[in-house]
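# Observations on the model geometry
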Amino acid sequence: MLTSFLSIWLTRSMKPFVFTNQIKHQEYKEIENLGLYVHIPFCRKLCGFCPYCKEIYQKEIALKYKNALLKEIKLRCAKTPIKKVTSLYFGGGTPALLIEYLPEIISMLQQYFEITEGIGIELHPEDVTEKNLLFLKEIGITMISIGMQSFQKECLDSLNRKKYDYTKIAKIIQKANFETVDIDLIFAMPNQTPQSFIKDIDMAFYCHATQISTYPFIDFTFNHHKYKPLSERKKKKLLNVITSYCKKTNKKRTSVWTFALPHTKKYSSITRNHFIGFGASAVSLLSDTMSINTFSVKQYIRTIRKGSLPSSLTLHFSVRQKAVYYLFWNAYTLYIDNDDFKREIGVSIQNLFSFEFWLAQKLGLLKKYKNGYRITQKGAYYYHYIEQKYTTSYIDAVWRICKKKAFPKKIVLR
């Protein structure tokens, strides 16, 4: 209800967001600030709380998937000159399950792209070994993001995750000495208290994290776990605990959910104006078009073997829809730049949203800052609240259908 109201109000239209199977790939050679994403969908076991596209690792299928991934890159990029991109990020799933193939995948991408700001990868705690980290550094990885979720046994039990020796992990991370070390923590999960979450924050930085990402526990309709997230009142309390504790301990808030050590390089895998995604379920956003690859690993491999790209759905934004999407994700970084908005959307913020920005300032959600707007602590909380509603109304709806149908005909989001 809330997301529908905001969509109608901000886009000034009753027109819904419509994904169709009428695929038309856009050129990317003229697009600036382009990022790359590669999805590795394999896991040792499937965690009930994780909503992403994944399946149990099997060596034979993983090899077929790697070959399909290399062919997708060729199919998509062979006719375009080498392009500068900001970064490359491997997500999953558990990308380290394909660690032996990563040099080959990176090498293939470097035939078509010049990566200027580094390469990142998600890691399961089980993959944080000295051998793995030194190998990753050798092949050019500059940023690691470790999905610890929590260090507390009672919290990990609710996620059906085992507890790892954080002192051993700390020594391994320190020795590897990556440019950026992100540790993911879930907040508002079952059995969590403000005290236990503060312990998690301290332990993450003890493990030589340069930043922590504190994602809220969200109850996706297609997930299979017996626990429910905490109430909104308790979530708000925990979010305030995180914010005040990190401020008190001299950690800089670099996004709504991210806190970093002072003077360290920050990194986010989700805030890119434009990106190309490779692999099952990967999303691409180019200009005014978003496309989604099939979620079916089997169909992904089969489609590419036939010489076709594995795109499943495409969404074409109107100008206002694109502007709303831009504001939503850039607000996550706590700063909205006037010039960047105009460059991306084609018109100024004041032309489209003068009343909304005036109102947001009056309500204490935004403040004018440099050549744009800074999201306040109050604004960050309401962003957090709306983001969860958006996830439930939009992301959950699309992913639920894509997990059931390899190539849906149409998805309408109001």
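Higher on the page you've got the structure.
Residues numbered from 1 in each chain as written. Predicted model: local features only at pLDDT ≥ 70, side-chain atom pairs only at ≥ 80, totals over all residues. Heavy atoms only, no water.

### Thoughts on empty space enclosed by the protein
Summed over all chains, the structure comprises three cavities of 30 Å³ or more. Considering only enclosed or pocket space, the largest cavity measures out at about 60 Å³ in volume. In terms of lining residues, the largest cavity is bounded by K24, H25, Q26, R76, S284, L286, T289, M290, S291 and T314. Those elements that place two or more of their residues in the lining of the largest cavity are β15 (283–286) and β16 (289–293). (1 Å grid on protein atoms, 1.4 Å probe; cavity = no way out; pocket = protein on both sides within 12 Å on 5 of 7 lines; lining within 4 Å. Points joined across faces, edges and corners; volume = space filled by probe spheres on them. Helix = DSSP H or I, 4+ residues; strand = E, 2+ residues; numbered from the N terminus.)

### Structural notes on the pairing of strand β1 (residues 17–20)
In this sheet, strand β21 (residues 410–413) lies alongside β1 in antiparallel orientation, the contact comprising four bridges. Bridge assignment links T20 to a residue of β21, and that residue is K410. Pairing analysis gives two bridges linking β1 to strand β17 (residues 311–316), with the strands arranged antiparallel. Bridge pairing in β17 places T20 opposite T314. (Pairing = 2+ DSSP bridges.)

### A word on the packing of aromatic side chains
Enumeration over the complete set of coordinates arrives at 29 aromatic pairs. With 5.0 Å between their ring centres and 90 degrees between their planes, F328 and W329 make a pair best called edge-to-face. Per residue, the accessibility class of F328 equals that of W329, and both read buried. Clustering of aromatic rings is evident, with ring pairs tying together F17, Y215, W257, F317, Y325, F328, W329, Y332, Y383, Y390 and Y394. We note K236 situated over the ring of Y381; from NZ or CZ to the ring centre the distance is 4.9 Å. Between R374 and the ring centre of Y369, over which it is positioned, the NZ or CZ distance is 5.8 Å. (Phe/Tyr/Trp six-rings, centres within 6.5 Å; stacked < 30°, edge-to-face > 60°. Buried < 20%, exposed > 50% of the residue type's maximum accessible area, 1.4 Å probe, protein only. Lys NZ or Arg CZ within 6 Å of the ring centre and 35° of its normal.)

### Quick word on the environment of R320
Turning to its location among the elements, R320 is positioned in helix α10 (residues 319–331). Considering only alpha carbons, one finds R320 and F353, 33 residues apart in sequence, at a separation of 9.8 Å. Contact partners of R320, with chain neighbours within four places excluded, come to L10, T11, R12, L352 and F353. (Contact = heavy atoms within 4.5 Å.)

### What about the pattern of salt bridges?
Under the definition given, this model contains 10 salt bridges. Where D127 meets R44, a salt bridge forms, and the shortest distance between an N and an O atom there is 2.4 Å. Here the residue D127 occupies a position in the loop between β8 (119–123) and α4 (130–138), and R44 occupies one in the loop between β3 (42–43) and β4 (55–56), the gap between them amounting to 83 residues. If you follow the salt bridges from partner to partner, you end up with R44, E126 and D127 in one network. (Salt bridge = Lys/Arg side-chain N within 4 Å of Asp/Glu carboxyl O.)

### Some words on unusual backbone geometry
Between G92 and the following residue, G93, the backbone shows a cis peptide bond with an omega angle of 15 degrees. Mapped onto the elements, G93 comes out in the loop between β6 (88–92) and α3 (102–110). With a phi close to 70 degrees, Q149 is a non-glycine residue in the positive phi region. Looking at the secondary structure, you find Q149 in strand β9 (residues 143–149). Positive phi outside glycine occurs at S287, with the angle close to 55 degrees. Its location among the elements puts S287 in the loop between β15 and β16.

### Focus on the state of the cysteines
By the definition in use, this model includes zero disulfides. Note on C246: no disulfide assigned, nearest cysteine sulfur contributed by C207 at a separation of 15 Å. We note that C402 lacks a disulfide partner, and the nearest cysteine sulfur, in C53, lies 9.5 Å from it. Take C402: its relative accessible area is 3%, and that puts it in the buried class. (Disulfide = S-S within 2.5 Å.)

### Structural notes on the packing of α4 against helix α6 (residues 166–176)
Between two packed helices, the angle of one axis relative to the other and the distance separating the axes together describe the packing. Relative orientation of the contacting elements α4 and α6 amounts to 25 degrees, with a least axis distance of 10 Å. One way to sum up the angle between α4 and α6 is to call them roughly parallel. α6 is crossed by α4, and the crossing has right-handed handedness. For the pair formed by α4 and α6, the contact residues are E130, L133, L134 and K137 on the first element and I172, I173, K175 and A176 on the second. By residue class, the composition of the contact of α4 with α6 is five nonpolar, no polar and three charged. (Axes fitted to C-alpha atoms, helices over the stretch in contact; angles between N-to-C directions. Parallel < 35°, antiparallel > 145°, perpendicular 65-115°, else oblique. Left-handed = near helix turned anticlockwise from the far one by under 90°. Nonpolar A, V, L, I, M, F, W, Y, C, P; charged D, E, K, R; others polar.)

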